[in-house]
Amino acid sequence: MIRKQQQETSPIGEKTAIAIALNILKWKTGLATGMNKWVNHFSRQQQRWLLAAFCGVFSLGLILCLVMPYGRLAMIRPGNNYQPIHIGEPSQYPKTSPLKSNDSLTIKK
């Protein structure tokens, strides 16, 4: 039976990791405190509008990522773009697209 050997960690590496983690936590706490102070200056109605605006912008960004896939737009550009062909379909399609097909029969070894 093969057992994995535990790597010994150096005390300097552990101290460095703890220092980095503490800095990240301090930064996150400071940012959250600052944002909390900024938002608490608004009235309840303004806070609701701010939340609705944030959620709307975030949702719009997600919808745009679904509607406009960037990978397909990049494949339309001319050049050595290969369009994948589904496994089992013939590799000799009619040339209706300027894109080259990419399967095991068209690649020369």
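Residues numbered from 1 in each chain as written. Predicted model: local features only at pLDDT ≥ 70, side-chain atom pairs only at ≥ 80, totals over all residues. Heavy atoms only, no water.

Chemist: Go over a nonpolar patch on the surface, please, and point to the residues and values.
Modeler: Side chains of Leu 60, Ile 63, Leu 64, Leu 66, Val 67 and Met 68 sit close together on the surface and give an oily, nonpolar patch of about 610 Å² of accessible area. Mapped onto the elements, Leu 64 comes out in helix H2 (residues 44-67). (Patch = residues over 30% accessible without salt bridge, like charges linked within 9 Å, V, L, I, M, F, W, Y side chains within 5 Å. Areas by Shrake-Rupley, 256 points an atom, 1.4 Å probe, with all protein chains shown as cover. Salt bridge = Lys/Arg side-chain N within 4 Å of Asp/Glu carboxyl O. Helix = DSSP H or I, 4+ residues; strand = E, 2+ residues; numbered from the N terminus.)

Chemist: Residue-level account of the packing of aromatic side chains, with values.
Modeler: Aromatic ring pairs are described here by two measures, namely the spacing of the ring centres and the angle between the planes. Overall, the coordinates contain two aromatic pairs when judged by the stated rule. Seen from their ring centres, Trp 38 and Phe 42 are 5.1 Å apart, and the 80° between their planes marks the pair as edge-to-face. A residue is classified by how much of its surface remains accessible, and Phe 42, at 28% relative accessible area, is partly exposed. With a centroid separation of 6.4 Å and an interplanar angle of 15°, the aromatic rings of Phe 54 and Phe 58 are classed as stacked. Of this pair, Phe 54 and Phe 58 both sit in helix H2, four residues apart, which is roughly one turn of that helix. Each member of the pair Phe 54 and Phe 58 is classed as exposed. (Phe/Tyr/Trp six-rings, centres within 6.5 Å; stacked < 30°, edge-to-face > 60°. Buried < 20%, exposed > 50% of the residue type's maximum accessible area, 1.4 Å probe, protein only.)

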